[in-house]
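Understanding the architecture of this molecule
In case you want the letters, here they are:
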Amino acid sequence: MSRIGKLPIKIPKKVTITIDGQKVTVKGPKGELSRVISPEIAVEEQEDTIVVKPRTETRRARQQYGLSRTLVANMVEGVSKGYEKRLQIQGVGYRAQVQGKNLILNVGYSKPVEMPPPDGIQVAVENNTNVIVTGINKELVGNTAARIRAVRPPEVYKGKGIRYAGEMIKLKAGKSGKK
């Protein structure tokens, strides 16, 4: 049995859940999310909690069990609280700005990089160097942040580039020819 899968998911007050066969729809104050769960998994609503159980004892059902529970829990948390990823830009002349909905990154290329965010994702910039990605879908927030970081990942000699807030980059020594 999955240790994560066994845990029930507590439903907050303002969140409603609809289970239609394998489709789980979660509505809350921040929005609505829906996802189709694997057919090997049963999702049940019991009073103010959701319980996820495997229908069979196959290997695939055991693999999907904890995953399905986590996906439903992330949907519940997303529509009630939302998710946020912060990125930092480091480097001389590196900066970001928002034009309309698009994120414009000036990170050492000959032209600025323009990135339109996917639907349901908001991008904000603080102090020209801190990018904040917010939304209700955890997967989409993480993917968008990873795509922004991939434009100019942190460089290992000087540490220039885009990194997650709090991410530690171990710098290399570089040339050691002088004594």
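Structure: above.
So, here's what we can say about the structure. Just so you know, these numbers come straight off a predicted model, no measurement behind them.

Parameters and conventions
Throughout, a residue's number is its position along its own chain's written sequence, starting from 1. Predicted model: local features are reported for residues with pLDDT of at least 70 only, side-chain atom pairs are reported and counted for 80 or more only, and whole-chain, interface and lining totals are derived from all residues. Calculation of side-chain values draws on the structure's entire complement of heavy atoms; hydrogens and water are dropped beforehand. Every definition here rests on a 1 Å grid over the protein atoms only: cavities are sets of points where a 1.4 Å probe fits but cannot get out, pockets are open sets enclosed by protein on both sides within 12 Å along at least five of seven lines, and lining residues have some atom within 4 Å of a point. Grid points are joined across faces, edges and corners, and a volume is the space filled by probe spheres set on the points. We count a stretch as a helix when DSSP gives it H or I for four or more residues in a row; a strand needs E for two or more, and each element gets its number in order from the N terminus. Note on residue classes: Ala, Val, Leu, Ile, Met, Phe, Trp, Tyr, Cys and Pro are nonpolar, Asp, Glu, Lys and Arg are charged, and everything else, Gly too, is polar. The pairing criterion is simple: DSSP has to find at least two bridges between the two strands. Interaxial angle, 0 to 180 degrees, is taken between N-to-C directions of lines fitted to C-alpha atoms, where a helix line uses only the stretch in contact. Note on contacts: a residue pair qualifies if any of its non-hydrogen atoms lie within 4.5 Å across the two residues. Each residue gets one of three labels from its accessible area relative to the maximum for its type: buried under 20%, exposed over 50%, partly exposed in between, using a 1.4 Å probe on protein chains only.

Under the criterion given, the structure shown has 1 cavity of 30 Å³ or more. Its boundaries defined by the atoms lining it, the largest cavity holds a volume of some 30 Å³. Taken together, Leu103, Met115, Pro116, Pro117, Val123, Thr144, Arg147 and Ile148 form the lining of the largest cavity. The element contributing the most residues to the lining of the largest cavity is helix H3 (residues 138–151), with 3 residues. Split into classes, the residues belonging to the lining of the largest cavity amount to 6 nonpolar, 1 polar and 1 charged.

On to the sheet that holds strand E8 (residues 95–99), then. Within a sheet, each strand pairs with its neighbour through backbone hydrogen bonds, oriented either parallel or antiparallel. Ordered in space as E8-E9-E10, the 3 strands form an open sheet in which the pairing is antiparallel. Edge positions in the sheet fall to E8 and strand E10 (113–115), since each of these pairs with one other strand and no more. Neighbour-to-neighbour, the strand axes of this sheet turn through a mean angle of 25°, independent of strand direction. Bridge analysis of E8 against strand E9 (residues 102–106) gives 5 bridges, and the strand direction is antiparallel. By the bridge assignment for E9, Val98 is matched with Leu103. Where H3 meets the sheet, its contacts fall on E9 and E10, and the angle it forms with E10 comes to roughly 175°.

A regular strand places its side chains on the two faces of the sheet in alternate fashion. With 5 of 6 residues buried, strand E6 (residues 49–54) is to be regarded as a mostly interior element. Pairing of strand E1 (residues 9–10) with E6, which is carried by 2 bridges, proceeds in the antiparallel orientation. Residue pairing for E6: Lys10 is matched across the bridge by Thr49. Note: strand E5 (residues 41–46) against E6, 6 bridges, orientation antiparallel.

Judged by pairing direction, the sheet is antiparallel, and its 3 strands sit side by side in the order E1-E6-E5 without closing on themselves. Two strands close off the open sheet at either side, each with one partner strand: E1 and E5. Strands E1, E5 and E6 of the sheet are contacted by helix H2 (residues 59–80), whose axis makes an angle of about 160° with E6.

Let us look at unusual backbone geometry. Not every positive phi belongs to a glycine, and Asn127 is a case in point at roughly 55°. One can find Asn127 in the loop between strand E11 (121–126) and strand E12 (130–135). Unlike most non-glycine residues, Asn128 shows phi in positive territory, near 65°. By relative accessible area, which is 43% here, Asn128 ends up partly exposed.

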